Amino acid sequence: MPGKHQHFQEPEVGCCGKYFLFGFNIVFWVLGALFLAIGFWAWGEKGILSNISALTDLGGFDPVWLFVVVGGVMSVLGFAGCIGALRENTFLLKFFSVFLGLIFFLELATGILAFVFKDWIRDQLNLFINNNVKAYRDDIDLQNLIDFAQEYWSCCGARGPNDWNLNIYFNCTDLNPSRERCGVPFSCCVRDPAEDVLNTQCGYDVRLKLIFGICLAQNLVSDIKAVKANW
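Described in the following lines is the structure provided in the data block. Worth saying up front: this structure is predicted, and the values here are computed from it rather than measured.

Definitions and cut-offs
Residues numbered from 1 in each chain as written. Predicted model: local features only at pLDDT ≥ 70, side-chain atom pairs only at ≥ 80, totals over all residues. Heavy atoms only, no water. Helix = DSSP H or I, 4+ residues; strand = E, 2+ residues; numbered from the N terminus. Buried < 20%, exposed > 50% of the residue type's maximum accessible area, 1.4 Å probe, protein only. Contact = heavy atoms within 4.5 Å. Core = buried A, V, L, I, M, F, W, Y, C linked by side-chain atoms within 4.5 Å. Disulfide = S-S within 2.5 Å. Axes fitted to C-alpha atoms, helices over the stretch in contact; angles between N-to-C directions. Left-handed = near helix turned anticlockwise from the far one by under 90°. Nonpolar A, V, L, I, M, F, W, Y, C, P; charged D, E, K, R; others polar. Expected span 1.5 Å × (residues − 1). Arc of directions from axis to C-beta. Polar contact = N/O pair within 3.5 Å; in protein donor to acceptor, adjacent residues only side chain to side chain. Phe/Tyr/Trp six-rings, centres within 6.5 Å; stacked < 30°, edge-to-face > 60°. 1 Å grid on protein atoms, 1.4 Å probe; cavity = no way out; pocket = protein on both sides within 12 Å on 5 of 7 lines; lining within 4 Å. Points joined across faces, edges and corners; volume = space filled by probe spheres on them. Patch = residues over 30% accessible without salt bridge, like charges linked within 9 Å, V, L, I, M, F, W, Y side chains within 5 Å. Areas by Shrake-Rupley, 256 points an atom, 1.4 Å probe, with all protein chains shown as cover. Salt bridge = Lys/Arg side-chain N within 4 Å of Asp/Glu carboxyl O.

### Details of the overall build of the protein chain
Then, number 1: Helix and strand content of the protein chain: six helices and zero strands.
Then, number 2: Secondary structure of the protein chain in N-to-C order comes out as α-α-α-α-α-α.
Then, number 3: Here the protein chain holds 231 residues, and the buried ones make up 24% of them.
Then, number 4: Within the protein chain, residue pairs in contact and separated by at least 24 positions form 58% of the contacts whose partners lie at least 6 positions apart.

### As for the nonpolar core
Then, number 1: With 10 residues, the main nonpolar core is built from Val-133, Ala-135, Tyr-136, Leu-142, Ile-146, Cys-156, Trp-164, Phe-170, Val-184 and Cys-188.
Then, number 2: Core analysis: the next-biggest nonpolar cluster, separate from the first, contains five residues, Ala-42, Ile-48, Val-64 and Val-68 among them.

### Remarks on the state of the cysteines
Then, number 1: Here the structure, examined in full by the defined rule, presents three disulfides.
Then, number 2: Linked covalently through their sulfurs, Cys-172 and Cys-182 form a disulfide whose S-S length is 1.8 Å. Torsion about the S-S bond of the Cys-172 and Cys-182 cystine: about 135°, corresponding to right-handed handedness. One end of the pair, Cys-172, is in the loop between helix H5 (140–152) and helix H6 (206–229); the other, Cys-182, is in the loop between H5 and H6, and 10 residues separate them in sequence.

### Let's talk about the packing of helix H2 (residues 64–87) against helix H3 (residues 90–116)
Then, number 1: For the pair H2 and H3, interaxial distance at closest approach is 8 Å and the crossing angle is 145°. The hand of the H2/H3 crossing is left-handed. Along its contact with H2, which presents Val-73, Val-76, Leu-77, Ala-80, Gly-81, Ile-83, Gly-84 and Ala-85, the element H3 presents Leu-92, Leu-93, Phe-95, Phe-96, Phe-99, Leu-100 and Ile-103.
Then, number 2: Looking at the contact of H2 with H3 residue by residue, the classes come out as 13 nonpolar, two polar and no charged.

### Quick look at H5
Then, number 1: Here H5 spans 18 Å end to end across 13 residues, near enough to the 18 Å set by a 1.5 Å rise per residue.
Then, number 2: Taken residue by residue, H5 has Leu-142, Gln-143, Ile-146, Asp-147 and Gln-150 as its buried positions. Taken down its axis, H5 places every buried residue within 135° of arc, on the same side. For H5, the exposed residues set more than 90 degrees away from the buried face come down to Phe-148 and Tyr-152.
Then, number 3: With a side-chain oxygen lying 3.2 Å from the backbone nitrogen of Asp-141, the N-terminal cap of H5 falls on Asp-139.

### Focus: the packing of aromatic side chains
Then, number 1: Applying the stated rule across the entire model yields 13 aromatic pairs.
Then, number 2: Ring plane angle 85° and centroid distance 5.0 Å describe the contact between Tyr-136 and Trp-164, whose orientation is recorded as edge-to-face. Here Tyr-136 is found in the loop between helix H4 (118–134) and H5, whereas its partner Trp-164 is found in the loop between H5 and H6, with 28 residues between them in sequence. Here Tyr-136 and Trp-164 have matching classes, each one buried.

### Here we look at the layout of surface pockets
Then, number 1: Taken as a whole, the largest pocket spans an internal volume of roughly 320 Å³.
Then, number 2: Lining of the largest pocket is provided by 15 residues; of these, Phe-128, Ile-129, Leu-145, Ile-146 and Ala-149 occupy positions nearest its centre.
Then, number 3: Taken together, the elements giving at least two residues each to the lining of the largest pocket come down to H4 and H5.
Then, number 4: Examining the composition of the lining of the largest pocket, we find that five residues originate from one element, H5, more than from any other.
Then, number 5: Among the residues making up the lining of the largest pocket, the classes are represented as 12 nonpolar, three polar and no charged.
Then, number 6: If you add up the space inside the second largest pocket, you get close to 250 Å³.
Then, number 7: Forming the walls of the second largest pocket are 16 residues, and the residues nearest its centre are Phe-186, Ser-187, Cys-189, Val-190 and Arg-191.
Then, number 8: In terms of residue class, the lining of the second largest pocket is made up of eight nonpolar, four polar and four charged.

### Quick word on a nonpolar patch on the surface
Then, number 1: Taken together, the side chains of Phe-104, Phe-105, Leu-108, Ile-112, Leu-113, Phe-115, Val-116, Phe-117, Trp-120 and Ile-121 present a nonpolar region at the surface, about 1,100 Å² in accessible area.
Then, number 2: Mapping Val-116 onto the fold places it in helix H3.

Listed below in structure tokens is the structure:
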């Protein structure tokens, strides 16, 4: 009708999705910033921030890298998602979506490659663990990480206790003056639930006892063969 005006309702951005994405990402952003702060605080405590070259001096893996890298990725993603949702910025939202998709496909590709090249991955993992075994006493964070891993998975070294021969404090050479010679870290020990105090010396001379037992058994085998040869 000529006397009436038609009104068209303009499309609106859904509030629920917008503020859910905003709330989720602000938590993600704060957690990422917290991880970054912990990482830089740990580096500051170890004097690395005042001497950046110290990052390359550690022979093994520095666990603080986990906090820095994960915190950095979480902060970037959280910032893009949070500001993109709040300001309805399509560029930041697309960046957030592409970044998440890239992480997903990288994880998928890593899983497929790990399955296809599992023998090579196993060898590289053993090499990585043994390199960190060598540096066990060089960094307290690495030491705590190795102890946690060995206690959690009830293991000792990559393949067994003898992997600790790679460490200068635990190897069985006669020139090793360390009290920990021919031993293993306490995290290799099976802890008695009845113990109230952790025995950090339970690994002392453990492998020396094993070697003595092996030698004794081999001598006994040789004696038995000699006796049988005279029958």
